[in-house]
Amino acid sequence: MLNIKDIRSNTDFIIKSLEKRNVDNSKKIIDSIIELDKDYRDNLEKKEKLLNQRNIVSKDLGRNKNDKKKFKELSEKANNLKEDISTLDNITIEKKKSLNDILLSLPNIPHEDVPVGKNEKQNIEIRRFGTCKTNETILPHDEIGQKIGKLDFDTAIKISGARFVILKENLARLERALTNFMIDIHTIENGYTEYSVPVIVNEESMYGTGQLPKFRDEQFQLSNKKWLIPTGEVSLTNMVSNSIIEYEKLPLRFVSVTPCFRAEAGSAGKDTKGMIRLHQFTKVEMVSIIQPEFRLKELDRMVGCAEKILKKLDLPYRVLLLSSGDMGFCAEKTYDLEVWLPSQNNYREISSCSSCGTFQANRMKARYKSLDKKNNLVATLNGSGLAVGRTIVSILENYQNIDGSITIPEVLRGYMNGIKKI
């Protein structure tokens, strides 16, 4: 959430920044925030003055309890003050809610490094790794998976509906091997601490990391006002909500593997075949909590950690710096890693690593004790390390053999009991 103090002190900058994010009527929205904030603070000041008056009257009541006339006058005044305070109380609550509703709907402002653009067309390619196969005989992942009898979409549809899949036998083992491999690399080599976290969270947690209120229709809500997580970022990042962290304990680096659940609202017709866009999928998620001044260096580090997985798997990929119009709601700067899929003759996203600055921390009230002993907001970062289903997709295509078998990447064979092919 944008900081109201920044909006007050840097109004024009915030308006221009939101315009870069393609927010319609940015000036009108910010003007309404400034007006609401002024009304809220004015009414709050009035309420404080009335509270002081009531305290004085209360003391006078005690001193004049034997003077019936004076006591009656003071009692009437106290009652009137009580009513006025109650009215102002309701007004300030209403103003505060209206103010927060608008603030919660606005995206983060882009960092100055981010290219300005409407959509993905303005993304900038940073680098590439590996050799891209272009063999026309390579089958799409869903076709080869069904041909070898290890991907079952029909039974999944019978059980759950469209956009679900069942992995069988050695392909299910490959999924487990990948998660273990990724977690081992991130914990042993990359310095992350592993957590097993809840996949059902409360509304406060969803608001804290920005999934609510804007993306309500894209989430799976349970009947008890709980939500299924769309990413492990929700649980991992909220571990520091409503807390103050000692400076010496930073940075905190968390990693977890979780199932993720997305309604995919508005994606009708997009990637309806195969495993690219499912309602349920497995993902390894990295989260960093750090002092704001170190956040961009930490973002580069996080991208490197995700790249390390792809390099060890020897999968061709590229890194993109996203434009202001293609970034996620909470991000101030984002790099996407896209893996090469021969059947599509194209790169597809397999990881997204973002710095959110203090945007999420402001929503979550996540702070740290600075060296001068002040309580300041932390910076939060998150990144996929990697999306496991899409990693399987890329292996099925990039390691596909002429005879229809799939070679197991060398680094995974120890996790597969020595199996070299599926």
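Read on for an overview of the structure. These figures come from a predicted structure and were not determined experimentally.

**Some details on the overall build of the protein chain**
When helices and strands are tallied, the protein chain shows 12 helices and 16 strands. With the principal axes as the frame, the protein chain shows a C-alpha extent of 105 × 45 × 45 Å. Evaluated residue by residue, the protein chain yields a buried proportion of 49% over its 422 residues. In the structure as shown, the protein chain presents an accessible area of about 21000 Å², 47% of it carried by carbon and sulfur atoms.

**Comments concerning the environment of Asn238**
Position of Asn238 among the secondary structure elements: in the loop between α9 (233-237) and β8 (243-246). Under the relative-accessibility criterion, Asn238 is labelled buried at 12%. Through-space distance from the C-alpha of Asn238 to that of Glu76 is 49 Å; in sequence the pair is 162 residues apart. Not counting residues up to four positions away in its chain, the partners in contact with Asn238 are Glu204, Ser205, Gly208, Thr209, Glu233 and Met364. Engagement of the side chain of Asn238 in a polar contact is seen with the backbone oxygen of Val234, the distance being 2.8 Å.

**Focus on helix α12 (residues 388-398)**
Judged by how many residues are buried, α12 sits mostly within the fold: 11 of 11 residues are covered. Looking at α12, one finds that the buried residues are Val388, Gly389, Arg390, Thr391, Ile392, Val393, Ser394, Ile395, Leu396, Glu397 and Asn398.

**Describing helix α4 (residues 68-105)**
Three- or four-residue spacings in an α-helix give side chains the same orientation, since the helix completes a turn every 3.6 residues. Here α4 contains 38 residues, and its C-alpha end-to-end distance of 55 Å stays within 8% of the 56 Å for a straight helix at 1.5 Å per residue. Of all the residues in α4, the buried ones are Leu74, Ala78, Leu81, Ile85, Leu88, Thr92, Leu99, Leu103 and Leu104.

**As for the environment of Thr358**
Within the secondary structure layout, Thr358 lies in the loop between β13 (346-355) and α11 (359-364). Spatially, the C-alpha atom of Thr358 lies 9.6 Å from that of Leu381, the residues being 23 residues apart in sequence. The residues touching Thr358, leaving out its near neighbours within four places in the chain, are Pro292, Leu377 and Val378.

**Observations regarding the side chain of Asn108**
Looking at the secondary structure, you find Asn108 in the loop between α4 and β1 (124-129). By relative accessible area, which is 7% here, Asn108 ends up buried. Within the structure, Asn108 has its side chain in polar contact with the backbone oxygen of Cys330 (distance 3.0 Å). Here Asn108 is in contact with Leu2, Arg21, Phe329, Cys330, Ala331, Glu332, Cys356 and Phe359, once residues within four sequence places are set aside.

**Some points on the packing of aromatic side chains**
Here the structure, examined in full by the defined rule, presents seven aromatic pairs. For the ring pair Tyr195 and Phe254, a centre distance of 5.1 Å and an interplane angle of 80° mean the geometry is edge-to-face. Taken together, the residues span a long stretch of sequence, with Tyr195 in the loop between β4 (193-194) and β5 (200-202) and Phe254 in strand β9 (residues 252-261) at a distance of 59 residues. A relative accessible area of 5% means that Phe254 is categorised as buried. Pairing Phe329 with Phe359 gives two aromatic rings, centres 5.8 Å apart and planes at 75°, and the pair type is edge-to-face. Taken together, the positions of Phe329 in the loop between β11 (317-321) and β12 (333-341) and Phe359 in helix α11 put the pair 30 residues apart, joining distant regions of the chain. Exposure remark for Phe329: the relative accessible area of 9% places this residue in the buried category. Under the relative-accessibility criterion, Phe359 is labelled buried at 3%. Each residue in the set Phe215, Phe329 and Phe359 is aromatic and connected to the rest through ring pairs, giving one cluster.

**Comments concerning the packing of helix α7 (residues 169-189) against helix α10 (residues 295-313)**
With their axes 11 Å apart at the nearest point, α7 and α10 run at an angle of 130° to one another. The pairing of α7 with α10 is recorded here as oblique in orientation. For α7 against α10, the interelement crossing comes out right-handed. In contact with Leu178, Phe181, Met182, Ile185, His186 and Glu189 of α7, α10 contributes Cys305, Lys308, Ile309, Lys312 and Leu313. Partitioning the contact of α7 with α10 into residue classes produces seven nonpolar, one polar and three charged.

**Description of the sheet that holds strand β6 (residues 220-221)**
Reading across from one edge, β5-β7-β6 is the order of the three strands in this open sheet, with antiparallel pairing throughout. What marks the edges here is a single partner per strand, and that holds for β5 and β6. For β5 and strand β7 (residues 226-228), the ladder comprises three bridges, and the chain directions are antiparallel. For Asn202, the partnering residue across the bridge sits in β7 and is Lys226.

**Considering the pairing of β13**
The buried fraction of β13 is high, at eight of 10 residues. Sheet topology places β12 next to β13; nine bridges connect them, and they run antiparallel. Opposite Val339, over in β13, you have Arg348 as the bridge partner. In sequence, β12 turns back onto β13 through a hairpin of four residues, with Asn345 there showing a positive phi of about 50°. Pairing of β13 with strand β16 (residues 379-387) involves three bridges; the strand directions are antiparallel. The residue bridging Ser355 from the neighbouring strand is Leu381, located in β16.

**A look at the pattern of salt bridges**
Taken as a whole, this structure holds 22 salt bridges when the rule is applied. A salt bridge links Asp37 to Arg41; the nearest nitrogen and oxygen atoms lie 3.2 Å apart. Residue Asp37 and its partner Arg41 are both found in helix α3 (residues 26-63); the two are separated by four residues, about one turn of the helix. Asp37 sits in the buried class, given a relative accessible area of 2%. Arg41 sits in the partly exposed class, given a relative accessible area of 39%. We note a salt bridge from Arg128 to Glu125, for which the minimum N-O separation is 2.5 Å. For Glu125, a relative accessible area of 34% puts it in the partly exposed group. The structure contains a network of salt bridges with shared partners spanning Glu125, Arg128, Arg318 and Glu338.

The rules behind the values
Residues numbered from 1 in each chain as written. Predicted model: local features only at pLDDT ≥ 70, side-chain atom pairs only at ≥ 80, totals over all residues. Heavy atoms only, no water. Helix = DSSP H or I, 4+ residues; strand = E, 2+ residues; numbered from the N terminus. Buried < 20%, exposed > 50% of the residue type's maximum accessible area, 1.4 Å probe, protein only. Areas by Shrake-Rupley, 256 points an atom, 1.4 Å probe, with all protein chains shown as cover. Contact = heavy atoms within 4.5 Å. Polar contact = N/O pair within 3.5 Å; in protein donor to acceptor, adjacent residues only side chain to side chain. Expected span 1.5 Å × (residues − 1). Phe/Tyr/Trp six-rings, centres within 6.5 Å; stacked < 30°, edge-to-face > 60°. Axes fitted to C-alpha atoms, helices over the stretch in contact; angles between N-to-C directions. Parallel < 35°, antiparallel > 145°, perpendicular 65-115°, else oblique. Left-handed = near helix turned anticlockwise from the far one by under 90°. Nonpolar A, V, L, I, M, F, W, Y, C, P; charged D, E, K, R; others polar. Pairing = 2+ DSSP bridges. Salt bridge = Lys/Arg side-chain N within 4 Å of Asp/Glu carboxyl O.

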